[in-house]
Every structure is written in structure tokens, then in C-alpha cells.
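# Fold and geometry: a report
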Amino acid sequence: MRNKKERRDLPGEIVNQGRGVKASKLNALPLETVGSLKEPVGIVFSEESRESASKSTEPDSPSSFARQLFLEFLLRKAGEHKNRVLSEATAADSARSEDDDLIEQVTSKEGEDDGLATVSVDQQQITTASQQRSASEASSLENVPEQTSMENSLEGNKDGALLDTRIRNIRDLLIKAKVYLGLGAIRANPQYLKDLRQRIREVQKVLGDASKDSDLPKNANEKVKTLEQTLIKGKLMQDDCSVVVKKLRAMLHSAEEQLHAHKKQTVFLTQLAAKTLPKGLHCLPLRLANEYFLLDPSHQQFPNKEKLDDPKLYHYALFSDNILAAAVVVNSTVLNAKHPSHHVFHIVTDRLNYAPMRMWFLSNPPGKATIEVRNIEEFTWLNASYSPVLKQLESQSMIDYYFRTHRANSDSNLKYRNPKYLSILNHLRFYLPEIYPNLHKIVFLDDDVVIKKDLTSLWSIDMKGKVIGVVETCGESFHRFDRYLNFSNPVIVKNFDPHACGWAFGMNVFDLAEWRRQNITEIYHSWQKLNQDRLLWKLGTLPPGLITFWNKTLPLNRSWHVLGLGYNPHVSSRDIERAAVIHYNGNMKPWLEIGLPKFRNYWSAYLDYDQPFLRECNINP
């Protein structure tokens, strides 16, 4: 585990990026047909052109008209993120309204009714279309306003609408310069190529990590102006517009491919991080196991065994192989309980963690509450001949399917490549009446929850003949049955409503007496047999839970169970404060370094990090 300072430096979330560029926007710019115009028509502002424009006595001259349109464009579009995409524009486009997308309008052919005017680059004046708005605005290749003009625009904008415009324009200028580097005519001139690379390095150094205009150094304008002048020279050397278009299309395609690759890598690394325990959580069970086997057998037992089957007390079921997570669930429940001595915790773990789990609660007893820790292997009745799901989990085909071996085609969804889905611990919730035959009601808790209020009143809820109390999770179109079940299968279509509201495991009240009366376990077994080939749902416990308890759920108030703290950084703080139980469902568990920092304190508050075992394993908040 890293120290606290290091943890704060970790990103709080992974942003899932989409591929938002449409294929239609990859269309090339049409070639100019007149020999005197060999490049995309755009606007190049320079100091001289600005001065000449200000001296013009013609109110409708191309220079003054372009400047007016450009300043209007900046004031209206400032602060928006603009994709530089070239698209085809024809003479008919001149009839477009002023509300059309300016980013997709480029240039039209010379000699048509648009009144295209071209001014010599040697005179460093503006090249523009005097009538067609699409050729006069800032979406073409050559639209790189000079920084001094940008400063004047900023000074004239009292509302500060153009904040950080210079940063964006410098980045656009660098993109343009990199396009020039790949052009054949440019590469044929070694001296110019060398100068251009030097100018690019200078501007990149000036830009640095600046995120706003005020971060730019004083010499930024000088360096940018030098690069602009170098590009003007390069423009004179380039005589084929189609080469520029092809280069831009190639760059756009390459950027999309890189984005797609990074997105896949992000998903993979997030899944990997979610399945990899920190060193401290490997160290802890080893240290605890060593201490447990050094104890005298008489000291390895928990007190108050007579309370374990008392139906008048408040019983909780917790199935986990994570010692710290189980400790937080127990501690948070006890510390928020009005009468801790009335609460009984039933923990079941696997053989590997049985001794460490017992040692933890022997050395850190939960106050006046009662606790038991059992090994899943004690349940000899739970075998492949009785449980269809256990038979499936032990099958080689299931292991091959989810863990990509040569024997079968693995599932491509990374979230299923998790050992927990092949653990029977994950399915014990469907055998609660068999595990606790003397109890009438029990509250099931996942090990990634934190209890924030007293849960005693859950046992007094009238279940109205229902088997399970749940908090529903569906919104307008989210978390409904069609998200979890395969509604292309006729068996699913016949029995369930695709728009039915889903609900969450994590904190659930079970009426075990009603469970036994309705023979729910047999219903669960019958559906598991039908899903032997995974045609009804994929691996997991929620889909079979939705099916097994169909029409047998009692909706609880949402404040009982708030979800999303393991993947959604926007969970309302108000909802968290009102909640009785908060749930870190998702990949970003609070005991992992990828956990969301803003929610971690709710979890770590219930651990004593001065405890010797935690110090020895370097486990810190």
C-alpha cells in the first residue's frame, strides 16, 4: 500500500471516451480547378493585413468584410470545442443560413457566383471569399490568426468570452505545421524543413504545459509569429491541394485509431487493477494465519455461541474472503447500532482465509456483538450433485470459457474474467435457509458496503408475503431486466418483462420462513439447469437473482441502500448522508489504489490503522 500522499495523486476516475467523429466527416476537400488557385482558401491574419484592413476606405472590401466576420465568429463561438474537419462545399452551399455548422464549411471553386477574391501573399493581405461566409470563417486549413490580433480581440471583449483562445490557436498552428512536415514539396527542401522543425520546437517549448492564456511566457507572440511566417513560405512551395487533404485525412484516421486503442487499454488496465490486490492485503492474511496457529486451541473460539441460533436477535450474513472489507462491514454496523449486544454476524469464508479471518476478529472483537466465522467446506451438503451452479462452476468448459484457454472460445467481455465469478462464495446467498435453518429472518450484506445508521428497524418491516426486500435501481431506461437477461431467447421472453425494474444485491432483507414455504431454492436450481449453456444470462449472481425472486420482492425506500461509490464520482453527498448503507459496487473498491478518493474516507473511518497487523503490512489510509 502506498502512503497517503501518494494516494491523493492518483486519478479519481477513468474517463470512458467515445469515438465521436462521423465517417462522413472524412470527406476530402474538392481540388481547385483553376491553375491560379492551388490551395485551400482560408484566412491568414498578419500585422500588415490588419493594418491594411484598418486603412481601407471601402466598407465592403474583402479585407474589412473578412475581419468583421472573423471577429463576429470569435465572439459567438468562443469557449466551444471545435473539431477541425474538412468537408465538401459546392456553389449551392452559398444559400446556407448563418446558423449552419461553420466547422464543416470550407471553400468553393473560383469563377462561380460566390465572388471569390484572392489577394497576393507577397502583400500579406487576406485571402477570402467576399460573398460566401463558409470561405471567410475560421474552419479552413489556413485559418491561423496572428497572436497580436488575438490580444486586441481579448482587450475588446469586456465579458472575457475569449479566455484561452490563444492556447487553442497555438495548438492548431502546431497541427498545421506538422501537416506541412509531411508534404512532399516541403520535404524536398532540406533547409526549409530544418527551419520549420526548429520553429515547431520553439513554439512547443513556449506552449509547454500551459492550460490558459495567462500561463504563456512573454516571448510567446514572437515565437508564434516566426512560425506563421515560416508557414507562409511553405505555402508558396506547395502547389497541390490534394496532398494537404490526404495528409489531414490520414492524421484524423490515425488519431481515431489511437483513441480506440487507448480506450481498450484503459478498460483492460482498469479490470486488471480491480482484480489485483495490493501487497498489504496479501501480507495481512499470512501474518494473521501465522498468529492463529500459534494460539492455544482454547483461545481460538468465539464467545456467546448460544446467540448464534436465537431468532429474537438481529442476524447478518456476510460471505467474503477479504478480511479488511469484512472488518469494515462489522465495525460500521456495530458502531452505529443502538444495542450492539443484540446483533449477530455470520461470516463464511474459504479455506485459505478461514484462519486469518478468525484471528482478525479474535484480536479485534466487535464489542458486545456476537460473531462466528465458518469455512465453506463445512457445508458438506453443498456439492455438485445437489447444486447445479456448483457443478457448472467446477466444469472445465466453464473455466475455459471465461479464462481464455485453447479448449474454447473465451468470452470477450473483460468483466467476466474475474475469479469471483467462479467462486461458490458468490452464490451462497441462494442457500441461506439451508445454512441457517433455525433463523426466520436475516439481513444479507456484501463485503463492499459501509453501514452508516442503525439497521434494527429492518427486522420489523412487514414483508407482505414477499421473500426479499430490495432497493430498486432502474431509472428511465437503466438497470431494467433487458440489461441483464437475454431477451432474444424465447424462454426469457415468455416469462419476464424486459422493462421490469432491476434491483441490487448488497443489502437485502430475507424472510427465510417465506423462502422455505415457497421453495425458492428449487426455483433457483431449475433456472440454473436451463442456463447450463449460458444462453439465458452470463455469469454472475444478479441475473439469476432477478429471475429467482421474480414477483417476490418488496421495494424498500432508496435511503436504505445507496449504490455507485465504486464507479460513479457524481453520487450525491446528500444521498450519502441520508443513506443507511452505502455500496462501493464497481471496480473502484475503497481498499484499492484506484478507489475514488472522495469516497474512501467513509470506508477507512472504520479501520484502526494503528493496529499492529496493519502497521506490519504497511496498510495505510
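Keep in mind the model is a prediction, meaning the values are calculated, not measured.

## Considering the overall build of the protein chain
The number of helices and strands found in the protein chain is 23 helices and twelve strands. Out of the 621 residues belonging to the protein chain, those deemed buried represent 49%. Counting only contacts in the protein chain whose residues sit at least 6 apart along the sequence, the fraction spanning at least 24 positions is 75%. Summing over all exposed atoms, the protein chain offers an accessible surface of approximately 30900 Å²; the carbon and sulfur share of this is 49%.

## Points about the sheet that holds strand E8 (residues 468-470)
With mixed pairing, seven strands are arranged side by side in an open sheet as E5-E4-E3-E6-E9-E8-E10. At either margin of the open sheet sits one strand with a lone partner, and together these are strand E5 (370-375) and strand E10 (553-555). Across the sheet, the mean angle from the axis of one strand to that of its neighbour is 25 degrees, orientation sign disregarded. Relative to E10, E8 runs parallel, the two sharing three bridges. Its bridge partner lying in E10, Ile-468 is registered against Thr-553. Each of strand E4 (343-349) and E5 touches helix H12 (residues 351-363); the most contacted strand, E5, lies at about 160 degrees to it.

## Considerations on the nonpolar core
One finds Leu-284, Leu-324, Trp-360, Phe-361, Leu-455 and Trp-603 to be the most contacted residues of the largest nonpolar core, which totals 64 residues. It is helix H11 (residues 323-335) that provides the largest number of residues to this core, a total of nine residues. The residues contacting Phe-361, other than those within four sequence positions of it, are Phe-302, Ala-326, Ala-327, Val-330, Ile-347, Ile-371 and Val-373. Grouped together as the second largest cluster of nonpolar side chains are 45 residues, Leu-390, Phe-505, Phe-510 and Leu-539 included.

## Observations concerning the state of the cysteines
This model, assessed by the stated rule, comprises two disulfides. Through a disulfide, Cys-283 is tied to Cys-617; the S-S separation comes to 2.1 Å. Measuring the twist about the S-S bond at about -70 degrees, one finds the Cys-283-Cys-617 disulfide to be left-handed. Of the two residues, Cys-283 is situated in helix H10 (residues 279-294) and Cys-617 in the segment after helix H23 (612-616); the sequence distance between them amounts to 334 residues.

## Details of the sheet that holds strand E12 (residues 581-583)
Strand order in the open sheet made by the three strands is E7-E12-E11, with mixed pairing throughout. Looking along the sheet, the strands with just one partner apiece sit at the ends: strand E7 (449-451) and strand E11 (561-562). Pairing of E11 with E12, which is carried by two bridges, proceeds in the parallel orientation. Paired with Val-562 across the strands is Ile-582, a residue of E12.

## As for unusual backbone geometry
A positive phi angle, close to 55 degrees, is found at Asn-519, a residue other than glycine. In this fold, Asn-519 is placed in the loop between helix H18 (512-518) and helix H19 (520-530). When its relative accessible area of 44% is taken as the criterion, Asn-519 is described as partly exposed. Backbone geometry at Asn-618 places phi at a positive 55 degrees, although glycine is not the residue there.

## Re the packing of helix H5 (residues 165-181) against helix H8 (residues 220-237)
Two quantities define a packed helix pair, namely the angle between the axes and the distance from one axis to the other. Between H5 and H8, the least distance of the axes is 11 Å, while the angle of their chain directions is 35 degrees. Of the two possible hands of crossing, H5 and H8 adopt the one that is left-handed. On H8, the residues touching Arg-166, Ile-170, Leu-173, Leu-174, Lys-176, Ala-177 and Tyr-180 of H5 are Ala-220, Asn-221, Val-224, Leu-227, Glu-228, Leu-231, Gly-234 and Lys-235. Considering only residue class, the contact of H5 with H8 consists of nine nonpolar, two polar and four charged.

## Quick look at the environment of Asn-585
Following the sequence through the fold, Asn-585 ends up in the loop between E12 and helix H22 (597-604). Spatially, the C-alpha atoms of Asn-585 and Gly-506 are 8.4 Å apart, while their sequence positions differ by 79 residues. Asn-585 has contacts with Asp-448, Leu-563, Gly-564, Leu-565, Gly-566 and Tyr-567, leaving out every residue within four places of it along the chain. Within the local environment of Asn-585, its side chain forms a polar contact with the backbone nitrogen of Gly-564, the two atoms lying 2.7 Å apart.

## A short note on the pattern of salt bridges
For the structure on display, the rule yields eight salt bridges. For the salt bridge of Glu-378 with Arg-374, the shortest nitrogen-to-oxygen distance reads 3.4 Å.

## Examining the packing of aromatic side chains
Going through the model one piece at a time under the given rule, you end up with 24 aromatic pairs. Judged by centre distance (6.0 Å) and plane angle (50 degrees), the ring pair of Tyr-386 and Tyr-431 falls under tilted. Within this pair, whereas Tyr-386 is found in the loop between E5 and helix H13 (388-393), its partner Tyr-431 is found in the loop between helix H14 (396-403) and helix H15 (432-435), the two being separated by 45 residues in sequence. A cation over a ring is seen here: Arg-429 above Phe-505, with NZ or CZ 4.8 Å from the ring centre.

## Points about helix H9 (residues 241-275)
In a regular helix each residue adds 1.5 Å, so 35 residues correspond to 51 Å; H9 covers 52 Å between its end C-alpha atoms and thus fits that length. Those residues of H9 not exposed but buried are Cys-241, Ser-242, Val-244, Val-245, Glu-256, Thr-270 and Gln-271.

## Quick look at the pairing of strand E6 (residues 441-445)
Summarising burial for E6: five of the five residues are buried, a large majority. Side chains Lys-441, Val-443 and Leu-445 of E6 all project onto a buried face; the interleaved residues Ile-442 and Phe-444 project onto the opposite face, where all are buried too. As paired elements, strand E3 (residues 314-319) and E6 share two bridges and run parallel to each other. Opposite Tyr-316, over in E6, you have Val-443 as the bridge partner. Pairing of E6 with strand E9 (residues 507-511), which is carried by five bridges, proceeds in the antiparallel orientation. Its bridge partner being in E9, Val-443 is matched across the sheet by Val-509.

## Focus: the side chain of Glu-514
Tracing the backbone through its elements, the reader meets Glu-514 in helix H18. A relative accessible area of 13% means that Glu-514 is categorised as buried. Of note is the side chain of Glu-514, whose polar atom sits 2.8 Å from the side chain of Gln-518. Not counting chain neighbours up to four residues away, the residues in contact with Glu-514 comprise Gly-465, Lys-466 and Val-467.

## Some remarks on the confidence of the model for the protein chain
When pLDDT is averaged across the protein chain, the result is 76; 69% of the residues are at 70 or more. For the stretch residues 73-162, pLDDT sits under 50, and the model shows 190 contacts to residues farther than four places along the chain or on other chains.

Thresholds applied
- Residues numbered from 1 in each chain as written.
- Predicted model: local features only at pLDDT ≥ 70, side-chain atom pairs only at ≥ 80, totals over all residues.
- Heavy atoms only, no water.
- Helix = DSSP H or I, 4+ residues; strand = E, 2+ residues; numbered from the N terminus.
- Buried < 20%, exposed > 50% of the residue type's maximum accessible area, 1.4 Å probe, protein only.
- Contact = heavy atoms within 4.5 Å.
- Areas by Shrake-Rupley, 256 points an atom, 1.4 Å probe, with all protein chains shown as cover.
- Pairing = 2+ DSSP bridges.
- Axes fitted to C-alpha atoms, helices over the stretch in contact; angles between N-to-C directions.
- Core = buried A, V, L, I, M, F, W, Y, C linked by side-chain atoms within 4.5 Å.
- Disulfide = S-S within 2.5 Å.
- Left-handed = near helix turned anticlockwise from the far one by under 90°.
- Nonpolar A, V, L, I, M, F, W, Y, C, P; charged D, E, K, R; others polar.
- Polar contact = N/O pair within 3.5 Å; in protein donor to acceptor, adjacent residues only side chain to side chain.
- Salt bridge = Lys/Arg side-chain N within 4 Å of Asp/Glu carboxyl O.
- Phe/Tyr/Trp six-rings, centres within 6.5 Å; stacked < 30°, edge-to-face > 60°.
- Lys NZ or Arg CZ within 6 Å of the ring centre and 35° of its normal.
- Expected span 1.5 Å × (residues − 1).
- pLDDT = per-residue confidence, 0-100.

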